[in-house]
Amino acid sequence: MKKLAIIGASGHGKVVADIAEKNGYTDIVFLDDFSTGNCAGYPIIGTSSLISKLTECSFIIAIGNAKIREKFQLQLEDKSIATLIHPNAVISRRVHIAEGTVVMAGAIINSDVSIGRGCIINTGSSVDHDCIVGDYVHVSVGAHVAGTVAIGSYTWIGAGATIVNNISITNDTMIGAGAVVVKDCRESGTYIGIPAKKERYENINFSEQ
Ligand SMILES: CC(C)(COP(=O)(O)OP(=O)(O)OC[C@H]1O[C@@H](n2cnc3c(N)ncnc32)[C@H](O)[C@@H]1OP(=O)(O)O)[C@@H](O)C(=O)NCCC(=O)NCCS
């Protein structure tokens with residue numbers, strides 16, 4: 001019996017549970033600090049305070065906020081942290097994916113890519129050849145990252161955004177939904193539009209999902 005505790009009973013958590021099932025986990029539970037009941041038919045057995053009590057169990061964090069994802073992943077250092085890849089993702093044999101990362105259905109990751117810890121490579125997104133994706137990055141649904149792009153840790157590429165090839169995006173950066181990034185994003189912040197430009201005001205909302 002493969003047992004998995006998913007931290008974060010959210011919409012994102014439901015998708016993660018589906019992928020876990022497809023990866024052969026037969027005993028799936030959720031931990032959540034704010035919700036009770038069940039999530040996608042799986043029981044929410046308690047809060048994150050149960051982490052230390054659960055044995056013979058792997059963990060995955062299903063929380064959209066990159067910094068909170070990191071906080072929990074650091075708490076799990078002496079535990080087994082899963083890496084979940086949907087069977088309908090297409091991943092080159094020359095890809096390194098670090099622990100705690102989830103790759104959703106329809107995602108494509110091409111040759112010579114490195115994906116960091118605790119990332120989300122979301123539904124139908126793509127990361128092309130020779131990219132380096134830092135820790136706790138989220139490539140949202142339908143976003144496309146062309147070849148030889150470097151994405152710094154905690155950065156969130158919004159839904160449907162496009163990053164052209166040979167670009168560097170620094171840490172802690174939000175690329176808005178639908179943006180097209182054609183120049184390096186050297187300063188942390190929010191970039192939106194076509195071509196993507198840094199927003200005048202800073203109001204990064206990393207707290208969805
Ligand atoms: C960029 C983003 C973070 C801005 O969020 P925010 O700071 O809460 O901004 P607001 O919604 O208050 O919008 C502020 C202004 O920016 C505009 N704006 C917001 N997002 C935009 C985007 N992606 N592209 C272009 N303009 C955008 C709004 O229309 C608004 O313009 P106005 O002042 O003329 O009315 C957010 O809109 C976004 O794109 N998030 C990505 C979400 C996502 O991809 N989720 C995927 C989950 S898988």
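Everything quoted here is computed from the prediction, not taken from an experiment.

> Break down the pairing of strand E1 (residues 3-7) for me, citing the residues and quoting the values.
Most of E1 sits inside the fold, with 4 of its 5 residues counted as buried. Sheet analysis places E1 next to strand E2 (residues 27-31), joined by 5 bridges and oriented parallel. In the sheet register, Ile 7 faces E2, and the bridge partner there is Leu 31. In terms of handedness, the path from E1 via helix H1 (residues 11-22) over to E2 forms a crossover that is right-handed.

> So what's going on with the domain arrangement of the chain? Residues and values would help.
Per the domain assignment, the segments of the chain are domain 1 (3-81) and domain 2 (84-193). One C-alpha centre belongs to domain 1, the other to domain 2, and the line joining them spans 23 Å. Contacts between domain 1 and domain 2 engage 19 residues on the former and 19 residues on the latter. Summing both partners gives a buried area of about 1600 Å² for domain 1 against domain 2, and 64% of it is carried by carbon and sulfur. Ranking the residues of domain 1 by area buried against domain 2 places Ile 19, Arg 69 and Gln 73 at the top, with a combined share of 33%.

> A description of the side chain of Asp 32 should follow, citing residues and the corresponding values.
When you line up the elements, Asp 32 lands in the loop between E2 and strand E3 (38-39). Of the side chains bearing the opposite charge, Lys 71 lies closest to the buried Asp 32, which forms no salt bridge; the N-O distance is 11 Å. A polar contact is formed between the side chain of Asp 32 and the backbone nitrogen of Ala 9, at a distance of 2.7 Å.

> How would you explain the layout of surface pockets if you had to name every residue and give the values?
Of the voids in this model, the second largest pocket is the one considered here, and its volume is about 180 Å³. In this structure, the second largest pocket is lined by Val 182, Lys 183, Asp 184, Cys 185, Arg 186, Glu 187, Tyr 191, Pro 195, Ala 196, Lys 197 and Lys 198. Each residue belonging to the lining of the second largest pocket can be placed in one class, and the counts come to 5 nonpolar, no polar and 6 charged.

> An account of the environment of Val 113 is requested, with residue identities and associated values reported.
Along the polypeptide, Val 113 turns up in strand E12 (residues 113-115). Judged by its relative accessible area of 3%, Val 113 falls in the buried class. Val 113 sits 16 residues away from Ile 97 along the chain, and the two C-alpha atoms are 8.4 Å apart. Those residues in contact with Val 113, other than ones at most four positions away along the chain, are Arg 94, Val 95, His 96, Val 127, Asp 128, His 129, Asp 130 and Cys 131.

> Quick one: what's the story with H1, residue by residue and with numbers?
An ideal rise of 1.5 Å per residue puts 16 Å on 12 residues; H1 measures up with 17 Å between its terminal C-alpha atoms. Where H1 is concerned, the buried positions are His 12, Gly 13, Val 16, Ala 17, Ile 19 and Ala 20. Seen along its axis, H1 keeps its buried residues to an arc of 165°; they face one direction.

> Give a description of the pattern of salt bridges that names residues and reports values.
A full pass over the atoms with the stated rule returns 5 salt bridges. One salt bridge connects Lys 67 with Asp 172, and the closest N-O pair in it is separated by 2.8 Å. With Lys 67 in helix H2 (residues 66-75) and Asp 172 in the loop between strand E21 (168-169) and strand E22 (174-175), this residue pair connects regions lying 105 residues apart in the sequence. Lys 67 sits in the partly exposed class, given a relative accessible area of 41%. For Asp 172, a relative accessible area of 25% translates into the label partly exposed. Residues Arg 186 and Asp 184 are paired through a salt bridge, measuring 3.5 Å at the closest nitrogen-oxygen approach.

Conventions we followed
Residues numbered from 1 in each chain as written. Predicted model: local features only at pLDDT ≥ 70, side-chain atom pairs only at ≥ 80, totals over all residues. Heavy atoms only, no water. Buried < 20%, exposed > 50% of the residue type's maximum accessible area, 1.4 Å probe, protein only. Helix = DSSP H or I, 4+ residues; strand = E, 2+ residues; numbered from the N terminus. Pairing = 2+ DSSP bridges. Right-handed = clockwise from strand over helix to strand, strands pointing away. Domains from an automatic or database assignment. Contact = heavy atoms within 4.5 Å. Buried area = accessible area lost by both parts, 1.4 Å probe. Lys, Arg positive; Asp, Glu negative; His and termini not counted. Salt bridge = Lys/Arg side-chain N within 4 Å of Asp/Glu carboxyl O. Polar contact = N/O pair within 3.5 Å; in protein donor to acceptor, adjacent residues only side chain to side chain. 1 Å grid on protein atoms, 1.4 Å probe; cavity = no way out; pocket = protein on both sides within 12 Å on 5 of 7 lines; lining within 4 Å. Points joined across faces, edges and corners; volume = space filled by probe spheres on them. Nonpolar A, V, L, I, M, F, W, Y, C, P; charged D, E, K, R; others polar. Expected span 1.5 Å × (residues − 1). Arc of directions from axis to C-beta.

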